[in-house]
Amino acid sequence: KFEREGSNLYPEVGVPFSTAVLGGSITINSLWGDEVVKIDKGMQSGHVINVRGKGLPDMHRNTGDLYIRTYIKVPTNIDDAGKETVKDLKKYGS
């Protein structure tokens with residue numbers, strides 16, 4: 001799902017909690033195929049990542065950008081060991 005503003009596209013993409021904390025990459029589907037996007041460690045929900053030239057073409061043969069709006073996917077089903085790990089994160093302000 002994309003929102004459009006002119007030739008720019010605005011998808012909303014979930015980032016796994018572990019990737020937001022540790023950094024890494026995610027793969028998203030764009031109109032031009034799969035895009036691998038770098039996620040910096042410590043990424044916050046609501047962060048916007050700009051991928052130039054991956055929006056829609058306009059009548060002047062320019063191509064808009066892809067502005068990826070991120071949110072953090074928080075796990076909902078975790079076992080006891082996972083709960084303990086999350087509790088350990090509290091000492092880091094999480």
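Here we look at the pairing of strand 2 (residues 8-16)
Part 1: Alignment of strand 1 (residues 2-5) against strand 2, held across four bridges, turns out to be antiparallel. Across the sheet, residue Arg4 finds its bridge partner in strand 2, namely Leu9.
Part 2: Between strand 1 and strand 2, which pair antiparallel and follow one another directly, the connecting turn spans two residues, one of which, Gly6, has a positive phi of 65°.
Part 3: Bridging between strand 2 and strand 6 (residues 66-73) involves six bridges; their strand directions are parallel. By the bridge assignment, Gly14 is partnered in strand 6 with Tyr71.

Brief notes about the environment of Arg52
Part 1: Within the fold, Arg52 resides in the loop between strand 5 (48-51) and strand 6.
Part 2: When its relative accessible area of 66% is taken as the criterion, Arg52 is described as exposed.

With respect to unusual backbone geometry
Part 1: Positive phi values are uncommon outside glycine, yet Arg61 reaches one of about 65°.
Part 2: For Arg61, the position within the fold is in the loop between strand 5 and strand 6.

Focus: a nonpolar patch on the surface
Part 1: A cluster of nonpolar side chains, contributed by Phe2, Leu31 and Trp32, occupies part of the molecular surface with about 310 Å² of accessible area.
Part 2: Position of Phe2 among the secondary structure elements: in strand 1.

Things to note about the sheet that holds strand 2
Backbone hydrogen bonds are what pair the strands of a sheet, in a parallel or an antiparallel way.
Part 1: Taking strand neighbours across the sheet as the criterion, the four strands line up as 1-2-6-5 in an open arrangement whose pairing is mixed. Both edges of this open sheet fall to strand 1 and strand 5, since each of them pairs with a single strand only. Strand-to-strand twist across the sheet, computed as the mean angle between neighbouring axes with direction ignored, equals 30°.

Quick word on the pattern of salt bridges
Part 1: Inspection of every chain in the model, using the stated rule, returns five salt bridges.
Part 2: Where Asp40 meets Lys38, a salt bridge forms, and the shortest distance between an N and an O atom there is 3.1 Å.
Part 3: What makes Lys38 exposed here is its relative accessible area of 62%.

Some remarks on the nonpolar core
Among soluble globular proteins, nonpolar side chains are generally buried collectively.
Part 1: Formed by 14 residues in total, the largest nonpolar core has its most connected members in Val15, Ile26, Ile28, Val37, Ile39, Leu66 and Ile68.
Part 2: Of all elements in the fold, only strand 2, strand 3 (24-30), strand 4 (33-39), strand 5 and strand 6 reach the threshold of two or more residues within this core.
Part 3: Top element by residues in this core is strand 2. It accounts for three residues.
Part 4: Ignoring anything within four residues of it in the chain, the contact list for Val37 reads Gly24, Ser25, Ile26, Ile28, Ile49, Val51 and Ile68.

About the cut-offs
- Along each chain, residue indices are assigned from 1 in the same order as the chain's sequence is written.
- In keeping with the predicted nature of the model, local features appear solely for residues at pLDDT of at least 70, side-chain atom pairs appear and are counted solely at 80 or more, and the whole-chain, interface and lining totals rest on all residues.
- No hydrogens and no water enter the side-chain calculation; it runs on all heavy atoms of the structure.
- Think of it this way: DSSP has to see at least two bridges between two strands before they count as a pair.
- For helices the rule is a DSSP run of H or I covering at least 4 residues; for strands it is a run of E covering at least 2, with both sets numbered from the N terminus onward.
- When a residue's accessible area, from a 1.4 Å probe over protein chains only, is under 20% of the maximum for its type it is buried; when over 50% it is exposed; and in between it is partly exposed.
- Like charges are joined within 9 Å and nonpolar side chains (Val, Leu, Ile, Met, Phe, Trp, Tyr) within 5 Å, but only among residues with over 30% relative accessible area and no salt bridge; these make up the patches.
- Under the convention used here, a 1.4 Å probe and the Shrake-Rupley method define accessible areas, while residue burial counts only the protein chains that appear.
- We define a salt bridge as a side-chain nitrogen of Lys or Arg found within 4 Å of a carboxyl oxygen belonging to Asp or Glu.
- Throughout, an axis means a line fitted to C-alpha atoms (over the contacting stretch in the case of helices), and angles, computed between N-to-C directions, take values from 0 to 180 degrees.
- Among buried residues, those of type Ala, Val, Leu, Ile, Met, Phe, Trp, Tyr and Cys that are joined through side-chain atoms within 4.5 Å constitute a nonpolar core.
- Should any heavy atoms of two residues lie within 4.5 Å, those residues are counted as being in contact.

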